[in-house]
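Residue-level listing of the chains:
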Amino acid sequence: MRAADVAVVGDGIAGLTCALACARRGLDVVVVGARSIAAASRASAGVLAPSLAARPADDPAQRFLVAARDAWPAWLEALEEETGVRVPLRFGVLELDPPRGEGSAALPQHSRRLDARELAELEPALLPGDRPSALLHERDGADELEPLLAALDVALARRKVHRLAAGARAVEGGREGLVVDTPAERIVARHLVLAGGAWSGAMSGVSLPPAVRPVAGVTARIRGAPRLRYVVFGAGGYLVPLSDALLVGATSRDVGFDARIIAEDRGELAAVADALLGSDPSRLGDHRLGFRPMTSDGLPIIDRDPADERIVHATGYSRNGVLVAPLAASCVAALVAGERPPASLAPFGVARFGPPRASR
Ligand SMILES: Cc1cc2nc3c(=O)[nH]c(=O)nc-3n(C[C@H](O)[C@H](O)[C@H](O)COP(=O)(O)OP(=O)(O)OC[C@H]3O[C@@H](n4cnc5c(N)ncnc54)[C@H](O)[C@@H]3O)c2cc1C
């Protein structure tokens, strides 16, 4: 039996950022992770774009998304100082054919309208298309998942966070602590962070929040693509410039845990690349599928378990899981430490889905 202050179940971006935030507070942390090849974080595009959320600026969830975006530069700087790994962060998201009315009143802060000429000057590689205007969201952007996950691995190793590559089957509550049962080892911890992504419903022994379901998504890389300056949303998808490639995304299939990449996924991504760049379908490769942990309202669950205060849920990150991860992790670490979180978690409570399901 291994003892820890905090056991984190889940090794995607949610679990790893929560583990790091707890370890930075001097807590002894163990991460239990099954390393699924269909983890959302492996397929993700890394776009940080709260301006694309169709929520009013004073909506509490929107405020959290914007604060989460604005936390990224300092958070990445601290990560680089700690690890020596630089994670590229790119600013500027172009929204083509924006579904917003004319006039600037409805625009998010730090967003501006571009006419066709300005758009062509800023991003000459884009096909002109039939678009009279576009929006540029200057503070939105994207980071890169591969270096980010690698930097998190280094940071956790430096802080002596133990990583257990196994699936947690069950949790048992006891007076000595919470016991996490895995085929490899049993862990007893004072606190438990549940960050299992789309698999959050698969563990017995906790009154799980319902409503986290897998929504499969596929991204791909375009070989030999022109270099873009901005992330581009249009033609029903998006393009994200990475250091060494151009990523195209993303499909969305709500059919459970079916991890096959099908012809329809390839066709959809090829159509986006063709519409925006005139790119040949044979140039697409490195397709990756991940299961987004979706909630019914598309918002994360970041809350203490109603039945056991020692358990904190950090799941259901849905379509904005990368965006919210660092701020959500600071909030989770504060909840673990019994402190007030640095941002309001009011929209993200477990109770919004009704009474918790009984443990299985
Ligand atoms: C195609 C695609 C594109 C996306 N693009 C963006 C984007 O541009 N911007 C953005 O912000 N978000 C994006 N998202 C969403 C974002 O990627 C997810 O919200 C986020 O990665 C979820 O992270 P997670 O750690 O909760 O889950 P995951 O990354 O799925 O990780 C969960 C991990 O926990 C493990 N696990 C689960 N249960 C257990 C258990 N009982 N025991 C041990 N291990 C367990 C799993 O094996 C898995 O490895 C995208 C998602 C997809 C699929």
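Residues numbered from 1 in each chain as written. Predicted model: local features only at pLDDT ≥ 70, side-chain atom pairs only at ≥ 80, totals over all residues. Heavy atoms only, no water.

Peer 1: Help me understand the side chain of Asp11, please; the structure alone is not making it clear to me.
Peer 2: You can see Asp11 is positioned in the loop between strand S1 (2-9) and helix H1 (13-24). For the buried residue Asp11, which engages in no salt bridge, the nearest side chain bearing the opposite charge is Arg35, 4.2 Å off. In this structure the side chain of Asp11 is engaged in a polar contact, spanning 2.9 Å, whose partner is the backbone nitrogen of Arg35. (Helix = DSSP H or I, 4+ residues; strand = E, 2+ residues; numbered from the N terminus. Buried < 20%, exposed > 50% of the residue type's maximum accessible area, 1.4 Å probe, protein only. Lys, Arg positive; Asp, Glu negative; His and termini not counted. Salt bridge = Lys/Arg side-chain N within 4 Å of Asp/Glu carboxyl O. Polar contact = N/O pair within 3.5 Å; in protein donor to acceptor, adjacent residues only side chain to side chain.)

Peer 1: Honestly, the nonpolar core in this entry has me stumped. Any pointers?
Peer 2: Looking at soluble globular proteins, one finds that nonpolar side chains tend to be buried together. Ranked by internal contacts, the top residues of the largest apolar core, which has 54 residues, are Phe64, Leu79, Leu148 and Tyr317. Contributions of two or more residues to this core are made by S1, H1, strand S2 (29-33), helix H3 (60-83), helix H5 (145-158), strand S17 (311-315) and helix H7 (321-336). Looking at this core, the element that brings in the most residues is H7, giving 12 residues. Filtering out sequence-adjacent residues up to four positions away, Leu79 remains in contact with Leu20, Arg24, Gly84, Leu148, Ala151, Leu152 and Ala155. Counting residues in hydrophobic clusters, the runner-up holds 29 residues, among them Leu246, Ala273, Leu276 and Leu277. (Core = buried A, V, L, I, M, F, W, Y, C linked by side-chain atoms within 4.5 Å. Contact = heavy atoms within 4.5 Å.)

Peer 1: Help me understand the state of the cysteines, please; the structure alone is not making it clear to me.
Peer 2: For the structure on display, the rule yields 0 disulfides. With no disulfide of its own, Cys18 has Cys22 as its nearest cysteine by sulfur position, at a separation of 6.6 Å. Judged by its relative accessible area of 0%, Cys18 falls in the buried class. Here Cys331 is not cross-linked by a disulfide; its sulfur's nearest cysteine counterpart is in Cys18, at 9.4 Å. A residue is classified by how much of its surface remains accessible, and Cys331, at 0% relative accessible area, is buried. (Disulfide = S-S within 2.5 Å.)

Peer 1: Whenever I open this one, the pattern of salt bridges confuses me. Can you help?
Peer 2: Oppositely charged side chains can form a pair if their charged atoms are brought close together. Enumeration over the complete set of coordinates arrives at 22 salt bridges. Of the charged contacts, one joins Arg190 and Asp5 as a salt bridge, the two residues approaching to 3.4 Å between their closest N and O atoms. Taken together, the positions of Arg190 in strand S10 (residues 186-194) and Asp5 in strand S1 put the pair 185 residues apart, joining distant regions of the chain. Looking at Arg190, the relative accessible area reads 44%, which means it is partly exposed. Ionic pairing is found between Glu82 and Arg24, a salt bridge with its closest N-O pair at 2.7 Å. Pair noted here: Glu82 is in helix H3 and Arg24 is in helix H1, with a separation of 58 residues, a long-range link. Looking at Glu82, the relative accessible area reads 18%, which means it is buried. Arg24 gets classed as partly exposed once you look at its relative accessible area, which sits at 30%. In the salt-bridge network here, residues are joined through shared partners; they are Glu146, Arg221, Asp286 and Arg288.

Peer 1: What should I look at first to understand the packing of H3 against H7 in this one?
Peer 2: For any two helices packed against each other, the geometry is given by the interaxial angle and the distance between the axes. H7 packs onto H3 with a crossing angle of 85° between their chain directions and a minimal axis gap of 8 Å. Taken together, the axes of H3 and H7 are roughly perpendicular relative to one another. Residue-level inspection shows Phe64, Leu65, Ala67, Ala68, Arg69, Trp72 and Trp75 of H3 in contact with H7, the latter providing Val322, Leu323, Val324, Pro326, Leu327, Ala328 and Cys331. Within the contact of H3 with H7, the residues separate by chemical class into 13 nonpolar, no polar and 1 charged. (Axes fitted to C-alpha atoms, helices over the stretch in contact; angles between N-to-C directions. Parallel < 35°, antiparallel > 145°, perpendicular 65-115°, else oblique. Nonpolar A, V, L, I, M, F, W, Y, C, P; charged D, E, K, R; others polar.)

Peer 1: Just to check I follow, could you spell out the site of the ligand for this structure?
Peer 2: In the neighbourhood of the ligand, 39 residues make up the surrounding shell, with Asp11, Ser41, Val47, Ala168 and Ser318 lying closest. One nitrogen or oxygen atom from the side chain of Ser41 is found 2.5 Å from an oxygen atom belonging to the ligand. At a separation of 3.3 Å, an oxygen atom of the ligand approaches a polar backbone atom of Gly46. Along the lines of polarity and charge, the residues of the shell around the ligand split into 19 nonpolar, 16 polar and 4 charged. (Near = heavy atom within 4 Å.)

Peer 1: Explain the domain arrangement of the protein chain to me, please; I cannot follow it from the model alone.
Peer 2: It is common to report an interface's size as the accessible area lost on association of the parts. Looking at the assigned domains, one finds that the protein chain contains domain 1 (2-45 + 147-210 + 296-353) and domain 2 (90-139 + 213-294). A C-alpha centroid distance of 30 Å is found between domain 1 and domain 2. Contact with domain 1, which involves 16 residues of that partner, is made by 17 residues of domain 2. Note on domain 1 versus domain 2: buried area summed over both sides is about 1,300 Å², and carbon and sulfur give 61% of it. The largest share of the area that domain 1 buries against domain 2 comes from Ala45, Ala198 and Arg319, three residues that together contribute 38% of it. Where domain 1 touches domain 2, the interface holds 0 salt bridges. Counting across the interface, domain 1 meets domain 2 through 5 residue pairs in polar contact (both at pLDDT 80 or more). Of the residues belonging to the side of domain 1 that touches domain 2, the class tally is 9 nonpolar, 5 polar and 2 charged. (Domains from an automatic or database assignment. Buried area = accessible area lost by both parts, 1.4 Å probe.)

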